[in-house]
Amino acid sequence: MTLTQDTPGAAGTTGGGACPVTGNRAAGGCPVPHGPKGLPVIGVAPTYFKDPAAFTLGLQQQYGPMVSVNLPKPYVLVTDPEVVEHVTKTNPDNYRRGELYKGFLGFMGKGMLTLNDAEWRPHRSIVAPAFTIRRVNEKAEEAVPATEALLARWAGAARTGAVIDIAEDAMNVSTRTMGKALLGRDLSEAALDYANAAAIASKVMYTTTIFGLNELLPSFLPTRYNRDKKKAHRIIDGVIDGVISSRRRSGDLGTDAAGKLLASGELTDQDIRDDLRTLLLAGTDTTGQALAWTLYEIARHPWVREEVEEEVDRVLGGHAPTTEQRGELPVTRSVIEEAMRLHPPVWQFPRDLIEDEQLGRWDVKKDTTLVLSTYGTHRNAEHWRDPHTFDPRRFRDGSAKERPAGSYFPFGGGRRQCIGKNLAMATLITAVAMISQRFRISLTASSVPTAAFITMYPAEGVHATLRERS
Ligand code: HEM
């Protein structure tokens, strides 16, 4: 850990039990997280919004892995693996979803992501059978036609030398795969405009989370924001309601996530809608961004590209991977894992404390909001060698055993770990393998700027030209 008693982060203390670091039982106990004061009213917002990712790393460097921030909403930024492990796995009973997740209610409703543990359990148990290894393997097959459609489009672009946007195309693969896998519906149809609606939903959730703007701007005002929001609701709800009514009409509810929810008999129609919206919105953007970042890093590192090409050529012989073959692509998997280390699509997520607790070497008061920073923890120099360097070998050279639990958590952890983790990984391995067999990507710029809102994505896309491999 980088924080010592002399740093600003260790300056304050609270009462409490014996501190595991100081051993102090008397008044004082452990240090409390400290951080920059910021400006009156707006806190540190100006610096944060200039570059949220750089802001996170800057705070970590200056104050250590537990930093008190006022954005102006106060929270504690966590980049300490031990604390991450404690919150997600060791003592999750002391945490609720909290204030920041309330911003998600507008689009996701009271679904699997936003509910506190007591109400969440039945939802997760009902949906879980749609995510067994067998079911995920079946559903991941949807990634093959989705990627084939992309390869067909790319063949044209390779012939003409047209510049394409990999980020947009990756989102298309993800949207098509997830729509089919979760709802049995192809959401990549342009006429449906789902991708646009999902992007607006994500912006609205972010704005309401960070600023609470929904409370300040009445929704009847005909602002662009309100018009976009209404349209996005109409599209997303239309998709979900269409699936629910057509399944009920046909009498065949299906065995996928939608089918499990409809057949349970335990949930209200509103619960079912909220869970389906949550699954879709949580699954499409994230997987699309992970694919975009992986292709971007492969294009930037010729030695990595060669390793992936060698592996997919040897194992797949020109075909799409089968379920078994997906397990025989350790290099491809490690490249995806490393891309999600440097660019975790869910770059941070919150929890609120129910009771005071000693977290690692810090005392934290009840009702404090913690923001667990995947991004900052994944780049914590204390636990990662050359933390900003893209090197997938670290995921297959045995060094994972030397890193503390909680140092890598792109899918969260503990009982609230992402339910779509295996589906996302199977989709990503399929798409990366199929693309690497056919095309080499040349970026038009050596690096791209990052946007970090609800998710972390290439702010202006990833522009590139393509070459068919002979
Ligand atoms: C690369 C892709 C993905 C990433 C990086 C990702 C990341 C995450 C993370 C970090 C969490 C934990 C949030 C928390 O604990 O507060 C989470 C939860 C969740 N994710 Fe994903 N996710 C991905 C793909 C998916 C997919 C494909 C689906 C849909 C099948 C999905 C559905 C969900 C749901 C429903 C939850 C809430 C789970 C619960 O609390 O029971 N995600 N995801």
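Given the structure is predicted, the values throughout are model-derived calculations rather than measurements.

### Here we look at the overall build of the protein
Turning to step 1, where the next piece is worked out: Secondary structure assignment for the protein yields 18 helices and 14 strands.
Turning to step 2, where the next piece is worked out: Here the C-alpha atoms of the protein give a radius of gyration of 23 Å, agreeing with the 23 Å that 2.2 N^0.38 yields for 470 residues.
Turning to step 3, where the next piece is worked out: The proportion of buried residues among the 470 residues of the protein is 46%.
Turning to step 4, where the next piece is worked out: When contacts within the protein are restricted to residue pairs at least 6 apart in sequence, those whose partners lie at least 24 apart make up 73%.

### Topic: the site of the ligand
Turning to step 1, where the next piece is worked out: The immediate surroundings of the ligand are formed by 24 residues, with Gly-283, Thr-286, Gly-412, Cys-418 and Gly-420 found nearest.
Turning to step 2, where the next piece is worked out: Elements that contribute at least two residues to the shell around the ligand include exactly helix H8 (166–183), helix H13 (269–300) and helix H18 (421–438).
Turning to step 3, where the next piece is worked out: Considering each element in turn, the shell around the ligand owes the most residues, 7 residues, to H13.

### Concerning the sheet that holds strand E6 (residues 164–165)
Turning to step 1, where the next piece is worked out: Taken in spatial order, the 3 strands of this open sheet run E6-E14-E11, and their pairing is antiparallel. If you trace the sheet from one side to the other, it starts and ends with E6 and strand E11 (439–443), each paired once.
Turning to step 2, where the next piece is worked out: With 5 bridges joining them, E11 and strand E14 (residues 463–468) adopt antiparallel strand pairing. Bridge pairing links Ile-441 to Leu-466 in E14.
Turning to step 3, where the next piece is worked out: Packed on one face of the sheet, H13 meets E11 and E14 and runs near 85° to E11.

### Observations regarding the confidence of the model for the protein
Turning to step 1, where the next piece is worked out: With 92% of its residues at a pLDDT of 70 or more, the protein has an overall mean of 91.
Turning to step 2, where the next piece is worked out: Segment residues 1–16: pLDDT under 50, and 43 contacts once partners within four positions in sequence are set aside and those in other chains are kept.

### A few points about the pairing of strand E4 (residues 74–78)
Turning to step 1, where the next piece is worked out: Of all 5 residues in E4, 4 are buried, a share of seventy percent or more.
Turning to step 2, where the next piece is worked out: Strand direction decides the pairing type here: strand E3 (residues 66–70) and E4, joined by 5 bridges, are antiparallel. Residue pairing across strands places Met-66 opposite Val-78, the latter belonging to E4.
Turning to step 3, where the next piece is worked out: The hairpin turn running from E3 into E4, its antiparallel successor, is 3 residues long.

### Re the nonpolar core
Turning to step 1, where the next piece is worked out: With 94 residues, the main nonpolar core has Ile-166, Ala-201, Ala-292, Leu-295 and Leu-428 as its most contacted residues.
Turning to step 2, where the next piece is worked out: If you tally residues by element for this core, the top one is H13, at 13 residues.
Turning to step 3, where the next piece is worked out: Not counting residues up to four positions away in its chain, the partners in contact with Ala-201 are Phe-107, Ala-232, Ile-236 and Leu-281.
Turning to step 4, where the next piece is worked out: With 28 residues, the next largest nonpolar core counts Tyr-48, Tyr-63, Tyr-75 and Val-76 among its residues.

### Quick look at the sheet that holds strand E7 (residues 348–353)
Turning to step 1, where the next piece is worked out: If you trace the 5 strands from one edge of the open sheet to the other, you get E3-E4-E10-E7-E5, paired in mixed fashion. Each edge of the open sheet is held by one strand with a lone partner, namely E3 and strand E5 (95–96).
Turning to step 2, where the next piece is worked out: Where E4 meets strand E10 (residues 369–373), 3 bridges bridge the pair, whose relative direction is parallel. When the bridges of E10 are listed, Leu-77 appears paired with Val-371.
Turning to step 3, where the next piece is worked out: Lying over the sheet, helix H2 (residues 52–63) contacts E3, E4 and E10, oriented at roughly 125° with respect to E3.
Turning to step 4, where the next piece is worked out: Packed onto the sheet, helix H3 (residues 81–90) meets E3, E4, E5, E7 and E10 and runs at close to 115° relative to E10.

### Considering the packing of helix H11 (residues 224–250) against H13
Turning to step 1, where the next piece is worked out: Relative orientation of the contacting elements H11 and H13 amounts to 120°, with a least axis distance of 10 Å. Viewed along their axes, H11 and H13 adopt a mutual orientation that is oblique. Considering how the two elements wind past one another, H11 and H13 form a crossing that is right-handed. Packed against H11, whose contacting residues are Ile-236, Ile-240 and Ile-244, the element H13 presents Ile-272, Arg-273, Leu-276 and Arg-277 at the interface.

### Here's the deal with the packing of H8 against H13
Turning to step 1, where the next piece is worked out: Orientation of H8 relative to H13, taken along the N-to-C sense of each, is 145°, at an axis distance of 8 Å. Crossing handedness for the pair H8 and H13: right-handed. Of the residues in H13, those in contact with Ile-166, Ala-167, Ala-170, Met-171, Val-173, Ser-174, Thr-175, Met-178, Leu-182 and Leu-183 of H8 are Leu-276, Leu-279, Leu-280, Gly-283, Thr-284, Thr-287, Gly-288, Leu-291, Ala-292, Leu-295 and Tyr-296.
Turning to step 2, where the next piece is worked out: Across the contact of H8 with H13, the residue classes tally to 15 nonpolar, 6 polar and no charged.

### So, helix H6 (residues 133–140)
Turning to step 1, where the next piece is worked out: Taken as a whole, H6 has its buried residues at Val-136, Lys-139 and Ala-140. Buried residues of H6, seen end-on, are gathered within an arc of 100° and therefore sit on one face of the element.
Turning to step 2, where the next piece is worked out: Those residues of H6 that are buried are in contact with helix H7 (143–160), H8 and H18.

### As for H11
Turning to step 1, where the next piece is worked out: Compared with the 39 Å implied by 1.5 Å per residue over 27 residues, the 39 Å span of H11 between its first and last C-alpha is a close match.
Turning to step 2, where the next piece is worked out: Among the residues making up H11, those that are buried are Lys-229, Ala-232, Ile-235, Ile-236, Val-239, Ile-240, Val-243 and Arg-247.
Turning to step 3, where the next piece is worked out: Two residues or fewer past H11, Gly-251 is found with a positive phi of approximately 80°.

### Section: the environment of Ala-198
Turning to step 1, where the next piece is worked out: Its place among the elements puts Ala-198 in helix H9 (residues 194–211).
Turning to step 2, where the next piece is worked out: Along the chain, Ala-198 and Ala-339 lie 141 residues apart, while their C-alpha atoms are 23 Å from each other.
Turning to step 3, where the next piece is worked out: Here Ala-198 is in contact with Leu-281, Thr-284 and Asp-285, once residues within four sequence places are set aside.

Rules used throughout
- Residues numbered from 1 in each chain as written.
- Predicted model: local features only at pLDDT ≥ 70, side-chain atom pairs only at ≥ 80, totals over all residues.
- Helix = DSSP H or I, 4+ residues; strand = E, 2+ residues; numbered from the N terminus.
- Rg over C-alpha atoms; globule rule 2.2 N^0.38 Å.
- Buried ≥ 20, exposed ≤ 12 C-beta atoms within 10 Å, placed from the backbone.
- Contact = placed C-beta atoms within 7 Å.
- Near = placed C-beta within 6 Å.
- Pairing = 2+ DSSP bridges.
- Axes fitted to C-alpha atoms, helices over the stretch in contact; angles between N-to-C directions.
- pLDDT = per-residue confidence, 0-100.
- Core = buried A, V, L, I, M, F, W, Y, C linked by C-beta atoms within 7 Å.
- Parallel < 35°, antiparallel > 145°, perpendicular 65-115°, else oblique.
- Left-handed = near helix turned anticlockwise from the far one by under 90°.
- Nonpolar A, V, L, I, M, F, W, Y, C, P; charged D, E, K, R; others polar.
- Arc of directions from axis to C-beta.
- Expected span 1.5 Å × (residues − 1).

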